Amino acid sequence: MAELRAMAAAIEAEEAGFRAGGGPDGQARQRKLGRLPVRERLDLLLDPGTAFFEIGLWAAWQMYAEWGEVPAAGLIAGIGTISGQSWVVAANDATVKAGAMFPQSVKKLIRVQKLAHRLRLPLIYLVDSAGVFLPLQDEIFPDEDDFGRIFRNNSVLSAEGIPQFAAVMGNCIAGGAYLPVLCDKLLMTDGSQLCLAGAALVKAAVGQVVDPAELGGAAMHAAVSGTVDFHEKDDAACLARLRTLVGLLPPRSTTVAREVRPPRRDPDDLYGLVPADGRGEYEIRDVLDCIIDAESFVEFRPEYGKTLVTGYARIGGCPAGIVANARRRSTDSKGEVQIGGVLYGDAAEKAARFVDDCEQTRVPLVFLQDVQGFMVGKQAEQSGIIRSGAKLVRSMSTATVPKFTVIIGSSYGAGHYAMCGRAYDPALILAWPNARYAVMGGSQAAETLLSLRLRDAERAGKKLSESEIASLRESIRETYQDQTDIRYAAARGWVDAIIRPHETRTWLAAALSVIRPSDLVRQRCVERDV
């Protein structure tokens, strides 16, 4: 459909602006310091001609108007190929507020560490940051998911045998200095700074007047403190050394030859299948034909719980268990109509059983969300809808196989939770440009909020006219619609990337391909963070 294609094009155009970071002036400042802009660093680090699957590009979008725009939260992150191996990369963009860490920058970096942990991928940090953005320090410093969590995660990743390399290629001052030092290998370029306090703060705190190079320069840390493992003259030499060090590591796993079949349908057909406004019906199996390998789908219980489609498939030759919302009306065993996109008790119980089976057989899970929520009403409650939904939530929550979620339409209420929403540990959560994300649909929310406002007005002895009610309804609806915009969710890190529909197969195939057979071996006892 033309509208969905236009939405994808608009998203792509906005993202091009984010990739420019601080723009020409910021890049000129970097070069004046003898440093490369961050994306040129990535070009030298990653294997030529390979894809970089960037996450968090929308982080901080329209969130810090008082301080100016902070493109991508000043931090570039994603999965790329280095010396033939898949690595997670996180790199400060010093052209954006000197690489200062805003609240969303911290949240994004913690998300990157979680991605590396869940997929057992090694991680490289390219550090070039002025440190915490002090005017917002109260939103960055103290809590369990704030700045200190980064260093805790550094330590946990290292303890679990997940390699972490860091290169200090600019400023790294104050508490942020712990990040590179907690890594397995530390590189540093001439002209960079690594210290707990800069020269000005040292003078104020202890009265010492000290040369910055003697305080925290690369030569000092290489020859005197012994903190740095590799002392490099410039960015190019540092990145070349990183590639060499990565190439010296043993392969993560023995390559498993897999037969890869193209999908039955051209992925570009997706634009003509799914309505951009979320209102029409469509056949989810046609969508799957654009994503999974041809002739690989084995549907699980197709005659039962028809508002969910479950089954085993391959994507890029890799096995996956599919759980997808069906957006067509169907009938149950009693002949009663079931609304597409709504979770009924039979569908929830079917999906719970399927997720349990994938957990038992160690098959990664892929959730395709276009869900309005669980069915409500007297009949639904008497059928035990809460109990059935709880089964699915429990099964999905306790599954330890890698999970991936793609929002291809609506994602509302408890349906979002049950379909492996953000709170349920998907290794990646992706969304199409038309996705909507909220506790309920815009119309329902507007009427609910309006009724509360009218009740408050009545209690205050104020009677609103019809025109005032209509104006209030429209104001509430517009505000709510803005908050359900998928860009709003992406800015806050609730989704990792907004992708164009035809890229869905590419993203999922790449994500599934990095999972090693050893990562799927069931552990005798698996600890889960809370």
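Coordinates for the structure precede this section.
Just so we're clear, the structure is a prediction, and the values are computed from it rather than from any experiment.

Asker: Just checking my understanding: could you explain the overall build of the protein chain for this structure?
Answerer: When its secondary structure is counted, the protein chain shows 19 helices and 20 strands. For the protein chain, the C-alpha radius of gyration of 25 Å lies close to 24 Å, the compact-globule estimate for 530 residues. By its C-alpha atoms, the protein chain is 80 × 70 × 45 Å across when sized along the principal axes. Here the protein chain holds 530 residues, and 51% of them are scored as buried. The contacts in the protein chain between residues at least 6 apart in sequence include a share of 73% that link residues at least 24 apart. A total of about 24,200 Å² of accessible surface is found on the protein chain, and carbon and sulfur atoms cover 53% of it. Computed over 61 positive and 65 negative side-chain charges, the inter-centroid distance for the protein chain is 4 Å.

Asker: What exactly am I supposed to notice about the nonpolar core here?
Answerer: One broad rule of soluble globular proteins: the nonpolar side chains tend to lie buried together. Counting residues in hydrophobic clusters, the biggest one holds 88 residues, and the most contacted among them are L119, Y125, V287, I315, I322 and F404. For this core, the element with the most residues is helix α4 (residues 103–119), which contributes 7 residues. Discounting residues that sit within four places of it in the chain, I315 has contacts with I291, I292, D293, A320, I322, V366, R505, L508, A509 and L512. Membership of the second largest hydrophobic core comes to 37 residues, among which are F165, C238, A431 and A489.

Asker: Got a minute to help me understand the side chain of R362 in this structure?
Answerer: Within the fold, R362 resides in the loop between α12 (345–361) and β15 (365–371). Reaching out from R362, the side chain makes a polar contact with the backbone oxygen of E359 at a distance of 3.0 Å. Side-chain polar atoms of R362 contact the side chain of T400, separated by 3.1 Å. If we ignore the near neighbours within four places in the chain, the residues touching R362 are T400, V401, L520, V521 and R522.

Asker: Please clarify how the packing of α12 against helix α14 (residues 385–398) should be interpreted in this entry.
Answerer: Helix-helix packing: each pair is described by the crossing angle between the helix axes and the interaxial distance. Direction vectors running N to C along α12 and α14 enclose 20°, while the axes themselves pass 8 Å from each other. Taken together, α12 and α14 sit at an angle that is classed as roughly parallel. Seen from above, α12 lies across α14 with left-handed handedness. Across from G345, A348, E349, A351, A352, V355, D356 and E359 in α12, the residues of α14 making contact are I385, R387, S388, G389, K391, L392, S395, M396 and T398.

Asker: Teacher, can you tell me more about the packing of α4 against helix α5 (residues 147–159) here?
Answerer: Put simply, α4 and α5 touch, their axes get as near as 9 Å, and they point 15° apart. Judged by the angle between their axes, α4 and α5 are roughly parallel. Once α4 is placed against α5, the crossing between them reads as left-handed. Residues V106, L109, I110, Q113 and H117 of α4 form the contact with α5, whose participating residues are F147, R149, I150, N153, N154 and L157. Looking at side-chain class alone, the contact of α4 with α5 contains 6 nonpolar, 4 polar and 1 charged residues.

Conventions adopted
- Counting of residues starts from 1 at the beginning of each chain's written sequence and follows it residue by residue.
- Residue-level local features of this predicted model are given only where pLDDT is at least 70; pairs of side-chain atoms are given and counted only at 80 or more, and the full residue set underlies all totals for whole chains, interfaces and linings.
- Only hydrogens and water are removed before side-chain values are computed, so all heavy atoms of the structure are retained for them.
- Comment: elements are numbered from the N terminus, with helices defined as DSSP H or I runs of at least four residues and strands as E runs of at least two.
- We compute the radius of gyration over the C-alpha atoms and compare it with the globule rule, which gives 2.2 Å times the number of residues raised to the power 0.38.
- Only protein chains enter the calculation, and the probe is 1.4 Å; a residue is then buried if its accessible area is under 20% of its type maximum, exposed if over 50%, and partly exposed in between.
- Note on contacts: a residue pair qualifies if any of its non-hydrogen atoms lie within 4.5 Å across the two residues.
- Per-residue accessibility takes into account occlusion by the displayed protein chains alone, with areas from the Shrake-Rupley method and a 1.4 Å probe.
- Note on charges: Lys and Arg go in the positive column, Asp and Glu in the negative column, and His and the chain ends are not counted at all.
- Where a charge sits is defined by one atom per residue type, namely NZ (Lys), CZ (Arg), CG (Asp) or CD (Glu).
- In plain words, nonpolar cores are sets of buried Ala, Val, Leu, Ile, Met, Phe, Trp, Tyr and Cys residues tied together by side-chain atoms within 4.5 Å.
- Think of a polar contact as two N or O atoms within 3.5 Å of one another; within protein, one of them needs to be a possible hydrogen donor and the other a possible acceptor, and neighboring residues in sequence only count if both atoms come from side chains.
- Whenever a helix is involved, its axis is fitted only over the stretch in contact; in every case the axis is a line through C-alpha atoms, and angles between N-to-C directions fall within 0 to 180 degrees.
- In these notes the angle categories are as follows: under 35 degrees is roughly parallel, over 145 is roughly antiparallel, 65 to 115 is roughly perpendicular, and the rest is oblique.
- Handedness of each helix crossing follows the sense of rotation of the near helix against the far helix: counterclockwise by less than a right angle gives left-handed, clockwise gives right-handed.
- Residue type decides the class: Asp, Glu, Lys and Arg count as charged, Ala, Val, Leu, Ile, Met, Phe, Trp, Tyr, Cys and Pro as nonpolar, and the leftover types, Gly among them, as polar.

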